[in-house]
Amino acid sequence: MSTVTTARPATSHRTGSAGGAPVRRIPSALRHGATLVWRGVVKTINSPEALIDVTLQPIIFLLLFVYVFGGAISGDTGTYLQFALPGVLVQTVVFASAGTGVALADDLHTGIFDRFRSLPISRAAPLLGAIGADLVRYLASGVIMLVFGVILGFRFATGPVAVVAALGLVMVFAFALCWIFTALAMVVKEPRSVQGLGALIMLPITFGSNVFVPASTMPSWLRWFVELNPVSKIADAVRGLLTGGPVAAPATASLIAAAVVVAIFAPLAVALYQRRT
């Protein structure tokens, strides 16, 4: 008597089931996004003037605040340089993150995203590519800022690992902010509108923080906002990593704030992008 064995069809995690689709989609989005990041980096290399806004502007800010206000705030410029440089490093990415939204709004206006839509790539890849390329610019800006600060007399009180961690923390915060302005770029029609609306966001959270002056010097009605401001938290964390001081609490608060912003605005930006295109 013979026995008939029925072979079960092999189940693949790559194809065949609807549950496997998200497993494929996420890696493809990252892969396509990385390709577009490289496209943006090559574009920046071929147009070095694209780095001017994230290099020259923070250097000017640092020089003005250190040598115009440093003596009045801290008594001497050297002491104030130690306080201000980490803050200016944070301020740079806050200001520059609006540029991501402006560039995306301009690309949408000129029609480049219509070409992306015709390609067999993830719908989120153009957004990831634009943000990733800008993060490379911000990282270059941060390195230039630190080198320039050392030339002016800034001295690290920590080791290389802490300096790298400070740059990494700033990049995480920049990544979160870029999603806010990316979502904003999807709902406005003109690139100039993104820049104008971005200023309404950037100015209060940067100047209403401890980036340039300690919160203890401010009136009580303003101090509560400054102490809750995520920009103040990341400025404190970066100061601790570069010049010594508490790091764990402000860094944790900064990472939580960044995670909340990404969780809200990244899906919103992708949904608005799909609707607009």
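Look above for the structure.
As the structure is a prediction and not an experimental result, all values here were calculated from the model.

1. A look at the environment of Ala98
Relative to the assigned elements, Ala98 resides in helix 3 (residues 77–110). Classification of Ala98 as buried rests on a relative accessible area of 5%. Sequence separation of Ala98 and Ile201 is 103 residues, and the distance between their C-alpha atoms is 9.3 Å. Residues within four places of Ala98 in sequence aside, it is in contact with Phe181, Val194 and Met202.

2. Quick word on the packing of aromatic side chains
Throughout the structure, instances matching the rule amount to nine aromatic pairs. On the numbers, 6.0 Å between centres and 20° between planes, the contact of Phe61 with Phe65 is stacked. Separated by four residues within a single helix, Phe61 and Phe65 lie in helix 2 (residues 52–74), roughly one turn from each other. Look at Phe65 and you get buried, because its relative accessible area is 15%. Seen in terms of ring centroids, Phe65 and Phe69 are 5.3 Å apart; in terms of plane orientation they differ by 50°. Their pairing is tilted.

3. Overview of the pattern of salt bridges
Scanning the model with the defined rule gives two salt bridges in all. Two residues, Arg239 and Asp236, come together in a salt bridge whose shortest N-O distance is 3.7 Å. Residue Arg239 and its partner Asp236 are both found in helix 9 (residues 230–243); the two are separated by three residues, about one turn of the helix. For Arg239, a relative accessible area of 8% puts it in the buried group. Judged by relative accessible area, which is 31%, Asp236 ranks as partly exposed.

4. Comments concerning helix 7 (residues 191–207)
Taking 1.5 Å per residue, 17 residues should reach 24 Å; helix 7 reaches 24 Å between its end C-alpha atoms and fits that length. Its maximal kink placed at Ala199, helix 7 deviates by approximately 25°. Among the residues of helix 7, Pro191, Val194, Gly198, Met202 and Thr206 are the ones counted as buried.

5. With respect to a nonpolar patch on the surface
A surface patch of nonpolar side chains, about 620 Å² in accessible area, is lined by Ile52, Leu56, Ile60, Leu64, Val68, Phe69 and Ile73. Locating Val68 in the fold gives a position in helix 2.

6. Section: the side chain of Thr92
Mapped onto the elements, Thr92 comes out in helix 3. Filtering out sequence-adjacent residues up to four positions away, Thr92 remains in contact with Val54, Pro58 and Ser141.

7. A look at the nonpolar core
For soluble globular proteins, nonpolar side chains are generally found buried alongside one another. Ranked by size, the top nonpolar core spans 68 residues in total, and within it Val94, Tyr138 and Val238 carry the most contacts. Put simply, the parts of the chain that give this core at least two residues each are helix 2, helix 3, helix 5 (125–152), helix 6 (160–187), helix 7, helix 9 and helix 10 (248–276). For this core, the leading source of residues is helix 6, giving 19 residues. The contact partners of Tyr138, leaving out residues within four places of it in the chain, are Val54, Val93, Ala96, Ser97, Thr100, Met171, Ala174 and Cys178.

Conventions and cut-offs
- Residues numbered from 1 in each chain as written.
- Predicted model: local features only at pLDDT ≥ 70, side-chain atom pairs only at ≥ 80, totals over all residues.
- Heavy atoms only, no water.
- Helix = DSSP H or I, 4+ residues; strand = E, 2+ residues; numbered from the N terminus.
- Buried < 20%, exposed > 50% of the residue type's maximum accessible area, 1.4 Å probe, protein only.
- Contact = heavy atoms within 4.5 Å.
- Phe/Tyr/Trp six-rings, centres within 6.5 Å; stacked < 30°, edge-to-face > 60°.
- Salt bridge = Lys/Arg side-chain N within 4 Å of Asp/Glu carboxyl O.
- Expected span 1.5 Å × (residues − 1).
- Bend = angle between axes of the 7 residues up to and from the residue.
- Patch = residues over 30% accessible without salt bridge, like charges linked within 9 Å, V, L, I, M, F, W, Y side chains within 5 Å.
- Areas by Shrake-Rupley, 256 points an atom, 1.4 Å probe, with all protein chains shown as cover.
- Core = buried A, V, L, I, M, F, W, Y, C linked by side-chain atoms within 4.5 Å.

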